[in-house]
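Here is how the chains run, residue by residue.
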Amino acid sequence: MSDTHPNVYVVCGPTAVGKGTVLKEVFAHSDRLWYSVSATTRSPRPGEINGKDYYFVSRAEFDRMIADNRMLEWATVHKVHRYGTPREPVLQALAAGKIAVLELDLAGARQVRKTMPEAKQIFIAPPSWEALKQRLIGRGTEDAAEQERRLATARVELAAQDEFDEIVINDSVANATRKILHIMGINQ
Ligand code: 5GP
């Protein structure tokens, strides 16, 4: 593992910032990249696939995973559901020479900063607060109460962006992708 291009990257960013779209584009550029599929207690959104987008698990199963020390990190996100990174798949991916990408909330990023300080931490920021709000409302996948909760979380996350090694502004998918690939040392 080199100092400039470690094998673990944490990607954090507020709700609706476009993390999913940007990461999909980033992943299209290298076979070495490996996406850590999180476990969550929330229900799938239309089109989400168990084992690909998330491992959708019951609260009891999530409790068991924590008790068995099978989570690398976990957090309650937006004050409602729990999300966590299963540890074993990450270790296996690293052993296979992959570059692991962990998409986490702020609490998860902070935990990994302690347990895996060699991981590089990237924050994806919106061009503006207004743009973020419009994107969240525009995608229409959350009801008004959930939107409010997510915006409250987003405010806290944006205030913490300086904790990260790199801040990437998602002004366009192409720009954000290029910057992330550069940070990861992947040829474009
Ligand atoms: P969503 O419900 O929109 O898919 O995700 C909500 C939030 O959970 C996102 O900010 C995402 O980064 C975060 N998240 C997803 N997986 C994990 C995880 O494994 N651990 C932590 N701490 N946060 C996660």
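Residues numbered from 1 in each chain as written. Predicted model: local features only at pLDDT ≥ 70, side-chain atom pairs only at ≥ 80, totals over all residues. Heavy atoms only, no water.

**Observations concerning the site of the ligand**
Okay, step 1: What surrounds the ligand is a group of 17 residues, the closest being Ser38, Arg45, Tyr54, Tyr83 and Asp105.
Okay, step 2: Take arginine 42: an N or O atom from its side chain is 2.7 Å from an oxygen atom of the ligand.
Okay, step 3: Among the elements of the structure, strand E5 (71–77) and strand E6 (81–86) are those that each provide at least two residues to the shell around the ligand.
Okay, step 4: Partitioned by chemical class, the residues of the shell around the ligand number five nonpolar, five polar and seven charged. (Near = heavy atom within 4 Å. Polar contact = N/O pair within 3.5 Å; in protein donor to acceptor, adjacent residues only side chain to side chain. Helix = DSSP H or I, 4+ residues; strand = E, 2+ residues; numbered from the N terminus. Nonpolar A, V, L, I, M, F, W, Y, C, P; charged D, E, K, R; others polar.)

**Some details on the packing of helix H5 (residues 129–139) against helix H6 (residues 144–159)**
Okay, step 1: Remark: H5 packs on H6, axes separated minimally by 11 Å, with the N-to-C direction vectors making an angle of 150 degrees. It follows from the interaxial angle that H5 and H6 lie roughly antiparallel. You can see that H5 and H6 cross each other, and the crossing is right-handed. Of H6, the residues touching H5 (which contributes Trp129, Leu132, Lys133, Leu136, Ile137 and Arg139) are Gln147, Arg150, Leu151, Ala154, Arg155 and Leu158.
Okay, step 2: Looking at side-chain class alone, the contact of H5 with H6 contains seven nonpolar, one polar and four charged residues. (Axes fitted to C-alpha atoms, helices over the stretch in contact; angles between N-to-C directions. Parallel < 35°, antiparallel > 145°, perpendicular 65-115°, else oblique. Left-handed = near helix turned anticlockwise from the far one by under 90°. Contact = heavy atoms within 4.5 Å.)

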